[in-house]
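Now for the letters of each chain:
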Amino acid sequence: MKFIADLHLHSKYSRATARNLDFENLYYAAQIKGVRVVGTGDFTFPAWIEEIESKLEETEPGLFSLKRQIAKDIDKTIPEKCRNPVRFILQTEISNIYKKDDRVRKNHNLVYFPDIASVKKFNAKLDSIGNIKSDGRPILGLDAADLLSIMLDINDKGFFVPAHIWTPWFSMFGSKSGFDSIEECFGSLKEYIFAVETGLSSDPPMNWRVEDLDNVRLISNSDAHSPGYLGRNASVFNTKLSFFHIRQALEKNDLEKYQGTIDMYPHQGKYHYDGHRKCDICLNPATTARIDGICPECGRKVTYGVLNRVQELATRPEGYLPENRHGFKSIIPLADILSEIFEVGPKTKKVAGYYNRAIEILGPELGILLEKSVQEIETANVPLLAEAIMKMRTGDVNIDPGFDGEYGKVNLFSRQQKEHLKGEKYLLFDLPVKKDKSKVKAKTKVKKVIVKKESQKQKRFKKKSATKQPVKIQTLLSGLNSAQQKAVESSARAMIIQAGPGTGKTRTLTAKIAHLISKRQVDPGSILALTFTNKAAGELEKRIEKYVPKTKAPVLAATFHSFCLKLLKEYKGFNAVIVDESLRISLIREAMGEKIKKKAAKQVDQMISLCKQNLLSPDDDFK
Ligand SMILES: [Zn+2]
Ligand SMILES: [Zn+2]
């Protein structure tokens, strides 16, 4: 079966993690995100292994489930569309700090075991070497190769993955205290390293440039320090649900069983570019090279980011694609997308509200980001969400890269694009109220659409009882010039008629429709004529009327907006009244007390429009 796994997490017992990072919340978050297999994190920590033993039970070889009696209460709180089984895999991270070849080395390593007995032996061994009781991710003065060797001695069915291999301070390839190759770090045990974690600041294409990584699988995990970050990076498997199948999928280079990664754009990671956070200096590697890596603000050496370090170790040009490579998909976490749409922080109530709406209607986050169609996403009715996700999927995003511990900032829409999109979508309901002449004019147009809709209905009602005569085709074409006639008679599926005002475009369109009905026996009810103005729509409808046999449904001629309103009414049960300006003003005056002047009511009306235009709702802070 195909499933998503996040194999590097922490518990509430690791430094700088959320207090609610427990199995209950991981179980919940995994379903909300759409992750099937989750690392337990921190199995070296005494209180956490106790929790593992008391709350989890083995359900498949080497995989564990939250016990039924604990899970069943949580299940009720999970949106129905997100409910799925969750499995835990025994996992921990060790911070190794040691001296090798006269240099201080610091790297983080992930260890996985298939059973609790092995975990306990491993913990006992580490306990005799250093302190594993003060931090869920213990720091040990132990060579990474020795740690690997301890793991192999205890149970060689376990596996070992160097963590976030590019981060500057604590990783195998880190610029500050890492190595230049897997062999340099692990020596003769190199062959036991069959997977590495790429980390948040790099993605597969960056890693493909480094030949040293050709024979290892690249995996991605969230390294979450709070439940909300679970699955922000993840790996995709298509194998049986068991520890041993997961291990085998990684060990053997099988593109079917291990299908690759889901990665945040690496620019979003904290260490993509070079720079100094305190000095607010962010540099791309080329600039860093030009200034010899010296911060122009403080004169000290800048922190080299992942991109720079990758370039240092790369043996291949940018864009190199190895054969037999795994797939990968770039994502932006849903909360970050919503944060960008609504221009509020990703942890605000507003983002949480829309997030919950999206997963309740559409299911887990990763499914929304990667699989749902535009049409499906639109059913959640979250403004601009479908557009944002399409941009994300096609890579049409702009990210200010992260550097020196500062996360990158995602920009999906320019200010202008946002205005434009909002305008398109919400024109029907409300318009911006900037005192811009053209826009004020547009507002009155919308009002007309609404009024017009009513009269069109009445007209249609009358139409049905009127008598129509079949018309000879010759009278249709008479009065048209040869180009116009050609357009009328053409059977092309698409056609553009470009002509200036007053040259007879509407007449040509009318003749075309009449031709389709009388000559080609097209059902008038299946014809939709969209025009720019209500006036044109009305005229068109009137002119065609006489060509339509009385037994047939009429041609629908409408403006874009009135047509969409009709769709909303018919298919979405949209039956709210659209209130015109005078009614709005009187409603506002009623709500605020009769004493309020008309002018003040108008200002309030404009303010409400402006708020809606900016996607603000009543519980937002308007300051
Ligand atoms: Zn780490
Ligand atoms: Zn500086």
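So, how was this worked out
- Residues numbered from 1 in each chain as written.
- Chains lettered and ligands numbered in written order.
- Predicted model: local features only at pLDDT ≥ 70, side-chain atom pairs only at ≥ 80, totals over all residues.
- Heavy atoms only, no water.
- Patch = residues over 30% accessible without salt bridge, like charges linked within 9 Å, V, L, I, M, F, W, Y side chains within 5 Å.
- Areas by Shrake-Rupley, 256 points an atom, 1.4 Å probe, with all protein chains shown as cover.
- Salt bridge = Lys/Arg side-chain N within 4 Å of Asp/Glu carboxyl O.
- Lys, Arg positive; Asp, Glu negative; His and termini not counted.
- Charge placed at Lys NZ, Arg CZ, Asp CG, Glu CD.
- Helix = DSSP H or I, 4+ residues; strand = E, 2+ residues; numbered from the N terminus.
- Buried < 20%, exposed > 50% of the residue type's maximum accessible area, 1.4 Å probe, protein only.
- Pairing = 2+ DSSP bridges.
- 1 Å grid on protein atoms, 1.4 Å probe; cavity = no way out; pocket = protein on both sides within 12 Å on 5 of 7 lines; lining within 4 Å.
- Points joined across faces, edges and corners; volume = space filled by probe spheres on them.
- Nonpolar A, V, L, I, M, F, W, Y, C, P; charged D, E, K, R; others polar.
- Domains from an automatic or database assignment.
- Donors = N, O, S within 2.8 Å, 3.2 Å for Na, K, Ca; no water.
- Tetrahedral: all angles 85-135°; square planar, octahedral: opposite > 155°, others 65-115°.
- Core = buried A, V, L, I, M, F, W, Y, C linked by side-chain atoms within 4.5 Å.
- Contact = heavy atoms within 4.5 Å.
- Axes fitted to C-alpha atoms, helices over the stretch in contact; angles between N-to-C directions.
- Parallel < 35°, antiparallel > 145°, perpendicular 65-115°, else oblique.

Side note on a positive patch on the surface
- A grouping of Lys 270, Arg 277, Lys 278 and Arg 300 is seen on the molecular surface, where their side chains present a positively charged patch.
- Within the fold, Arg 300 resides in the loop between helix H9 (285-290) and helix H10 (306-313).
- Residue classification places Arg 300 among the exposed residues on the basis of a relative accessible area of 60%.

A closer look at the pairing of strand E11 (residues 234-238)
- Judged by how many residues are buried, E11 sits mostly within the fold: four of five residues are covered.
- Sheet analysis places E11 next to strand E12 (residues 258-264), joined by four bridges and oriented antiparallel. Bridging from a neighbouring strand, Val 236 pairs with Gly 260 of E12.

Some remarks on a nonpolar patch on the surface
- Together, Leu 528, Leu 530 and Phe 560 make up a nonpolar patch on the protein surface, roughly 270 Å² of accessible area in all.
- As for its position among the elements, Leu 528 is in strand E18 (residues 528-531).

Digging into the layout of surface pockets
- Roughly 880 Å³ of internal volume is contained in the second largest pocket.
- If you trace the second largest pocket, you find 37 residues lining it, with Gly 228, Tyr 229, Ala 335, Asp 336 and Pro 346 closest to the centre.
- Secondary structure elements with two or more residues in the lining of the second largest pocket: helix H1 (23-33), helix H11 (334-342), helix H12 (349-362), helix H13 (365-370) and strand E17 (409-411).
- The residue inventory of the lining of the second largest pocket, partitioned by class, reads 19 nonpolar, 11 polar and seven charged.
- Shared between two domains, the lining of the second largest pocket holds at least three residues of each, these being domain 1 (2-327) and domain 2 (333-426).

Let's talk about the pattern of salt bridges
- This model, assessed by the stated rule, comprises 19 salt bridges.
- Of the charged contacts, one joins Lys 55 and Glu 24 as a salt bridge, the two residues approaching to 3.0 Å between their closest N and O atoms. Of this pair, Lys 55 sits in helix H2 (residues 46-55) while Glu 24 sits in helix H1, placing them 31 residues apart in sequence.
- Judged by relative accessible area, which is 22%, Glu 24 ranks as partly exposed.
- Put simply, Arg 87 and Glu 60 hold a salt bridge, and the shortest N to O gap is 2.6 Å. On the criterion of sequence distance, the pair formed by Arg 87 in strand E5 (residues 87-100) and Glu 60 in strand E3 (residues 56-60) is long-range, its members being 27 residues apart.

Some thoughts on the coordination of the zinc ion (ligand 2)
- Protein ligation of the zinc ion (ligand 2) involves His 276 (ND1), Cys 279 (SG), Cys 295 (SG) and Cys 298 (SG), the donor distances falling in the range 1.9 to 2.4 Å.
- Because the angles between the four donor atoms bound to the zinc ion (ligand 2) fall within 101 to 127°, the donor set is best described as tetrahedral.
- Within one chain, the residues donating to the zinc ion (ligand 2) are spaced in sequence as H-x2-C-x15-C-x2-C. Taken together, the residues span a long stretch of sequence, with His 276 in strand E13 (residues 274-276) and Cys 298 in the loop between H9 and H10 at a distance of 22 residues.
- His 276 gets classed as buried once you look at its relative accessible area, which sits at 12%.

Some words on the nonpolar core
- Counting residues in each nonpolar core, the largest one holds 106 residues, and the members touching the most others are Phe 122, Phe 186, Leu 213, Ile 337 and Leu 385.
- Element by element, the count of residues in this core is highest for helix H5 (residues 144-154), at eight residues.
- Looking at this core, you find at least three residues from each of domain 1 (2-327) and domain 2 (333-426).
- Look past the residues within four positions of Phe 122 in its chain and what remains in contact with it is Phe 43, Thr 44, Val 111, Phe 113, Leu 147, Ile 150, Met 151 and Ile 154.
- Core analysis: the next-biggest nonpolar cluster, separate from the first, contains 21 residues, Phe 3, Ile 89, Phe 194 and Ala 195 among them.

Structural notes on the domain arrangement of the chain
- With domains assigned, the chain is organised as domain 1 (2-327), domain 2 (333-426), domain 3 (437-571) and domain 4 (581-613).
- For domain 1 and domain 3, the distance between their C-alpha centroids amounts to 62 Å.

Remarks on the packing of H2 against helix H4 (residues 116-129)
- Remark: H2 packs on H4, axes separated minimally by 12 Å, with the N-to-C direction vectors making an angle of 170°. When the axes of H2 and H4 are compared, the pair comes out roughly antiparallel. On H4, the residues that touch Ile 49, Ile 52 and Glu 53 of H2 are Ile 116, Val 119, Lys 120 and Asn 123.

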